[in-house]
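Listed below, chain by chain, are the residues.
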Amino acid sequence: GDSVTQTEGLVTLTEGLPVMLNCTYQTIYSNPFLFWYVQHLNESPRLLLKSFTDNKRTEHQGFHATLHKSSSSFHLQKSSAQLSDSALYYCARRGSGTYQRFGTGTKLQVVP
Amino acid sequence: EAAVTQSPRNKVTVTGGNVTLSCRQTNSHNYMYWYRQDTGHGLRLIHYSYGAGNLQIGDVPDGYKATRTTQEDFFLLLELASPSQTSLYFCASSDGDWGWEQYFGPGTRLTVL
C-alpha cells in the first residue's frame, strides 16, 4: 500500500520547547517522495517542505525533516516552538497514481 | 504564485439536492484535484485531472462526479447530496504530478441538511 501514518490528534506544547511531529509511511516504491503541508486556522494547506533524498535534511521556515528510508520515516522538527506555529500539519507522500496521499493530520497547539 | 479560486465559499442544500462546486486556476497548471477535509480523516482525494477532458478517480469518489472543461476549470458535482457529504472541500492544482507542490484554493464549506 501507500499509506501515511502521523502522530494522532492534538499535540500541545509550551512555547520554546522543541517540536517533533511523527510521520511514517508504507510504500511500494524505492524512491518515495515525502511532503509536509501546514494549514493555519481558516486558511488553506500550503507546502512547508519536501524531500526526495534519503538521509538528507530539508529545512524551511525554521522547520526541518529528514527522509529515512531505512525506517520509512519523515518526522517534522523544530528546535523551539512559537505561538504562531499552532496549526494543522499534514504529512503526504506520492500515491500510486499521479497524486499525493495525505495523512490524517496532526494539530499542534503552542501555549504560553 | 499560483492562484486557485473556488465558488461558492459556502453552500447549504437539502438531502437529495444538486450541487456544483467550481474551481478555477490561472497559472496554466496541468493537474487539478478535489479533496474533502474532515476531522479525523484529514484530506481525502475525491477526483483529479491532468488536463481538459481527463478525469481520474481518487480514494473517495462515491457520490461525486467531476468534469474538467478547460485547463483552468474543474467542477465537482453532487447530484443527490446526502448529509454524509457535509464537509469542507478544497480544490488544488499543480504543475506536475505527485512530485510537485500543490496549491490549494480557499475551500468551500458545504452543509447538507
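Definitions and limits used
Residues numbered from 1 in each chain as written. Chains lettered and ligands numbered in written order. Predicted model: local features only at pLDDT ≥ 70, side-chain atom pairs only at ≥ 80, totals over all residues. Heavy atoms only, no water. Pairing = 2+ DSSP bridges. Helix = DSSP H or I, 4+ residues; strand = E, 2+ residues; numbered from the N terminus. Axes fitted to C-alpha atoms, helices over the stretch in contact; angles between N-to-C directions. Contact = heavy atoms within 4.5 Å. Buried area = accessible area lost by both parts, 1.4 Å probe. Salt bridge = Lys/Arg side-chain N within 4 Å of Asp/Glu carboxyl O. Polar contact = N/O pair within 3.5 Å; in protein donor to acceptor, adjacent residues only side chain to side chain. Nonpolar A, V, L, I, M, F, W, Y, C, P; charged D, E, K, R; others polar. 1 Å grid on protein atoms, 1.4 Å probe; cavity = no way out; pocket = protein on both sides within 12 Å on 5 of 7 lines; lining within 4 Å. Points joined across faces, edges and corners; volume = space filled by probe spheres on them. Core = buried A, V, L, I, M, F, W, Y, C linked by side-chain atoms within 4.5 Å. Buried < 20%, exposed > 50% of the residue type's maximum accessible area, 1.4 Å probe, protein only. Disulfide = S-S within 2.5 Å.

Overview of the sheet that holds strand S8 (residues 73-78) of chain B
Residue and element names in this part refer to chain B.
So, step 1. Strand order in this open sheet of 4 strands is S1-S3-S8-S7, and the pairing throughout is antiparallel. Each having just a single partner strand, strand S1 (4-7) and strand S7 (65-68) make up the two edges of the open sheet. On average, each strand axis in the sheet is tilted by 15° relative to the strand beside it, whichever way the strands run.
So, step 2. Relative to S8, strand S3 (residues 19-25) runs antiparallel, the two being bridged by 6 bridges. Note on S8: the bridge partner recorded for Thr-20 is Leu-77.

Points about the interface of chain B and chain A
So, step 1. Taken together, the contacts link 22 residues of chain B with 21 residues of chain A.
So, step 2. Across the chain B to chain A interface the summed buried area is about 1,800 Å²; carbon plus sulfur atoms make up 55%.
So, step 3. Of the charged contacts in the structure, one is a salt bridge between Asp-59 of chain B and Arg-101 of chain A, with a shortest N-O distance of 2.9 Å.
So, step 4. Here chain B is connected to chain A by 6 residue pairs in polar contact (both at pLDDT 80 or more).
So, step 5. Contributing elements (two or more residues each) for the side of chain B that touches chain A: strand S4 (31-38) and strand S5 (42-49) of chain B.
So, step 6. Tallied by class, residues from the side of chain B that touches chain A come to 12 nonpolar, 7 polar and 3 charged.

Some points on the layout of surface pockets
So, step 1. In this structure, the largest pocket encloses a volume near 820 Å³.
So, step 2. Looking at the largest pocket, it is lined by 31 residues, and the ones nearest its centre are Gln-39, Leu-41 and Leu-88 of chain A together with Gln-37 and Thr-39 of chain B.
So, step 3. Partitioned by chemical class, the residues of the lining of the largest pocket number 9 nonpolar, 16 polar and 6 charged.

As for the nonpolar core
So, step 1. Grouped together as the largest cluster of nonpolar side chains are 23 residues, with contacts concentrated most on Trp-36, Leu-48, Leu-49, Leu-76 and Tyr-89 of chain A.
So, step 2. Contributing elements (two or more residues each) for this core: strand S2 (10-14), strand S3 (19-21), strand S4 (23-25), strand S5 (34-39), strand S6 (46-51), strand S8 (63-66), strand S10 (87-94) and strand S12 (106-111) of chain A.

A few points about unusual backbone geometry
Negative phi is the rule for most residues except glycine; trans is the rule for most peptide bonds.
So, step 1. With an omega dihedral of -10°, the bond running from Ser-7 of chain B to Pro-8 of chain B counts as a cis peptide bond.
So, step 2. Turning to its location among the elements, Pro-8 of chain B is positioned in the loop between S1 and strand S2 (10-13).
So, step 3. The phi angle at Asn-55 of chain A is positive, at roughly 65°, despite the residue not being glycine.
So, step 4. By the secondary structure assignment, Asn-55 of chain A is in the loop between S6 and strand S7 (57-60).
So, step 5. Its identity as a non-glycine residue notwithstanding, Ser-28 of chain B has a phi of 60°, on the positive side.
So, step 6. Examined against the element boundaries, Ser-28 of chain B turns out to sit in the loop between S3 and S4.
So, step 7. We classify Ser-28 of chain B as partly exposed; its relative accessible area is 44%.

Brief notes about the state of the cysteines
So, step 1. Tallied over the full model, the rule gives 2 disulfides over all chains.
So, step 2. Residue pairing for Cys-23 of chain A: its cysteine sulfur links by disulfide to Cys-91 of chain A, the two sulfurs lying 1.9 Å apart. Since a negative S-S torsion denotes a left-handed disulfide, the Cys-23 of chain A-Cys-91 of chain A link at about -65° is left-handed. A residue pair is termed long-range when its members are at least 10 positions apart, and Cys-23 of chain A in strand S4 and Cys-91 of chain A in strand S10 qualify at 68 residues.
So, step 3. Judged by its relative accessible area of 0%, Cys-91 of chain A is buried.
So, step 4. Each disulfide pairs two cysteine sulfurs, and for Cys-23 of chain B the partner residue is Cys-91 of chain B, the sulfurs being separated by 1.9 Å. Taking the torsion about the S-S bond as the criterion, the Cys-23 of chain B to Cys-91 of chain B disulfide, at about -75°, is left-handed. Within this pair, whereas Cys-23 of chain B is found in strand S3, its partner Cys-91 of chain B is found in strand S9 (residues 87-94), the two being separated by 68 residues in sequence. Both residues of the pair, Cys-23 of chain B and Cys-91 of chain B, count as buried.

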